[in-house]
Amino acid sequence: MEDLEIKGESGVYFIPNVKLNAQTGICEISGESYLEDTDEFYSNIIKWIEQYTQEVRKPLVFNFKLTYFNTSSSRSILDVLRALKKYEKEGGQVEVNWYYPEDDDGIAEEAEDYMKDTGLDIKMYPFEPEF
Amino acid sequence: MNNDFDFFQYYAQLNHEQVMLSYKGPITDVLLAEFSRDIRQKLQGDQKAGKKVFSVFMEMATNVLYYSKEINYFGSRDKVGTIVVAQTDKEYKLITGNMIYTDSAAKLIERCQIINSLDREGLREYKRYLRNNPIENEESRGAGIGLVQVAITADNNIEVKIKKISDTYSFFVLVVNIQKTLPNNTNDTTQNS
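All values reported here derive from a predicted model rather than from experimental measurement. (Residues numbered from 1 in each chain as written. Chains lettered and ligands numbered in written order. Predicted model: local features only at pLDDT ≥ 70, side-chain atom pairs only at ≥ 80, totals over all residues. Heavy atoms only, no water.)

Draft legend 1. Fine view of the sheet that holds strand β7 (residues 94-101) of chain A. Residues and elements named next belong to chain A. Spatial strand order, β1-β4-β5-β6-β7-β8: six strands in an open sheet with mixed pairing. Since the sheet does not close on itself, it has two edges, and those belong to β1 (4-6) and β8 (122-127), each with one partner. Mean inter-strand twist for the sheet, computed between neighbouring axes without regard to direction, equals 15 degrees. With five bridges connecting them, strand β6 (residues 60-69) and β7 associate as parallel partners. Bridge pairing in β7 links N63 to N97. Across the face of the sheet, helix α1 (residues 38-55) comes into contact with β1, β4 (17-20), β5 (26-33) and β6 while running at roughly 170 degrees to β6. Lying over the sheet, helix α2 (residues 71-89) contacts β5, β6, β7 and β8, oriented at roughly 170 degrees with respect to β6. (Pairing = 2+ DSSP bridges. Helix = DSSP H or I, 4+ residues; strand = E, 2+ residues; numbered from the N terminus. Axes fitted to C-alpha atoms, helices over the stretch in contact; angles between N-to-C directions. Contact = heavy atoms within 4.5 Å.)

As structure tokens, this is what we get:
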């Protein structure tokens, strides 16, 4: 199975960095998320997770390190987390780490809300974003 | 939410406040990206409130971009709207104005009243409810979760004003204020020992 890598960029839209590693199971979504077609962007990530859970079936570590995302992205991130929860329910080992900018209560609260919505145990860590 | 609201008078009054960005015209994604960079740059001195202003600006501006019913028929049929970011001593003020269908007015006012009746925890619950429940129709999408998110991020009530233009169209104004970060914990590093 192949890795999924998307290089983030900030142009007319803000594309987050995506690094999903099929060998190590360590995945990261970082940067800023405001996209032209949010559903399409995140559905590729969800498809990758589904393929991994069918073909690889090893532990998955998902690190979120976002400094900004719009409400449309927040809906899609919930779908990503639901896919991870599904894997966990099927017996997969899943670890979700949520890194939030230390001065951003809103992004920290998002993780709490995602935990309520998905039942996932999301570990939260503050970090100092680079500008 | 009265019907006599005069947006243009309101707009003229803004001269008294320090306007950081003021635009009336066709809105495109390219333009929005330019504005967002401009706002970020201007708010570098107030990182914490600046992030909130940026985030609220993005939600409000994309709402205009997606849902304005006024269209400029010159060129690529862009949506038309007004976006203003101003500041007073204590707060940043974000204002958007755009045409909506008169039919949507009642629902928007109702959503706004619900939002303003809720505290932060209530707003988070409401947002989760909207996020978990499928969208009934495209039209209400922006009026739902986006407005709730704006109130959460701004940590403030939102102000909605609607002026009926005709049976079909009404002018919708959204005003959101964000407190500036008070420089209370900043140490004076230039002080000599």
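Draft legend 2. Local environment of a negative patch on the surface. Together, E36, D37, D39 and E40 of chain A give the surface a local cluster of negative charge. The topology assignment puts E36 of chain A in the loop between β5 and α1. (Patch = residues over 30% accessible without salt bridge, like charges linked within 9 Å, V, L, I, M, F, W, Y side chains within 5 Å. Areas by Shrake-Rupley, 256 points an atom, 1.4 Å probe, with all protein chains shown as cover. Salt bridge = Lys/Arg side-chain N within 4 Å of Asp/Glu carboxyl O. Lys, Arg positive; Asp, Glu negative; His and termini not counted. Charge placed at Lys NZ, Arg CZ, Asp CG, Glu CD.)

Draft legend 3. Main features of the nonpolar core. F57 and I158 of chain B are the most contacted members of the largest nonpolar core, which totals 47 residues. Among all residues touching I158 of chain B, those that are not within four sequence positions of it are C112, I115, N116, L147, V150, A151, L174, V175 and V176 of chain B. Membership of the second largest hydrophobic core comes to 36 residues, among which are A22, I46, V80 and I107 of chain A. (Core = buried A, V, L, I, M, F, W, Y, C linked by side-chain atoms within 4.5 Å. Buried < 20%, exposed > 50% of the residue type's maximum accessible area, 1.4 Å probe, protein only.)

Draft legend 4. The arrangement of the pairing of β7 of chain A in detail. All names here are of chain A. In terms of residue burial, β7 counts as a mostly covered element, since six of its eight residues are buried. Read as a crossover between parallel neighbours, the route from β6 over α2 to β7 is right-handed. As paired strands, β7 and β8 are joined by six bridges and run parallel to one another. Bridged to V96 within β8 is I122. This β-α-β element, β7 to helix α3 (residues 105-118) to β8, shows right-handed connectivity. (Right-handed = clockwise from strand over helix to strand, strands pointing away.)

Draft legend 5. View of the packing of aromatic side chains. Counted under the stated rule, the structure contains 15 aromatic pairs over all chains. Between F14 of chain A and F54 of chain B, the aromatic rings sit 6.1 Å apart at their centres with planes inclined by 25 degrees, giving stacked as the arrangement. Taken together, the positions of F14 of chain A in strand β3 (residues 14-15) and F54 of chain B in helix α3 (residues 47-67) put the pair across two chains. Relative accessible area serves as the criterion here: at 2%, F14 of chain A is assigned to the buried category. (Phe/Tyr/Trp six-rings, centres within 6.5 Å; stacked < 30°, edge-to-face > 60°.)

Draft legend 6. Layout of a nonpolar patch on the surface. Taken together, Y101, I165 and Y169 of chain B make up a surface patch of nonpolar side chains, about 280 Å² in accessible area. By secondary structure assignment, the location of I165 of chain B is in the loop between β5 (158-164) and β6 (169-179).

Draft legend 7. Structural detail: the pattern of salt bridges. The tally for this structure, following the rule as stated, stands at 22 salt bridges over all chains. Taking the shortest distance from any N to any O, the salt bridge between K51 of chain B and D104 of chain A comes out at 3.2 Å. Of the two residues, K51 of chain B is situated in helix α3 and D104 of chain A in the loop between β7 and α3; the pairing between them involves two chains. Neither K51 of chain B nor D104 of chain A differs from the other in exposure class; each is buried. Connected through salt bridges with shared partners, the residues E109, E112 and D113 of chain A together with R120, E121, R124 and D155 of chain B form a single ionic network.

Draft legend 8. Molecular detail of the interface of chain A and chain B. The partner chain B presents 29 residues to the 29 residues of chain A that form the contact. Here chain A packs against chain B, burying approximately 2600 Å² in sum over the two surfaces, 40% of which is carbon and sulfur. Inspection of the chain A/chain B interface yields 12 salt bridges. E110 of chain A is the salt-bridge partner of K127 of chain B, the closest N and O atoms lying 2.6 Å from each other. Looking at the side of chain A that touches chain B, the elements with two or more residues in it are β6, α2 and α3 of chain A. (Buried area = accessible area lost by both parts, 1.4 Å probe.)

Draft legend 9. Structural context of the packing of α2 of chain A against helix α5 (residues 120-132) of chain B. Following both chains from N to C, one finds α2 of chain A and α5 of chain B inclined at 70 degrees, their axes separated by 10 Å at the closest point. By the angle between their axes, α2 of chain A is roughly perpendicular relative to α5 of chain B. Seen from α2 of chain A, the contacting residues are S74, R75, L78 and R82 of chain A; seen from α5 of chain B, they are L130, R131 and N132 of chain B. Classifying every residue of the contact of α2 of chain A with α5 of chain B gives two nonpolar, two polar and three charged. (Parallel < 35°, antiparallel > 145°, perpendicular 65-115°, else oblique. Nonpolar A, V, L, I, M, F, W, Y, C, P; charged D, E, K, R; others polar.)

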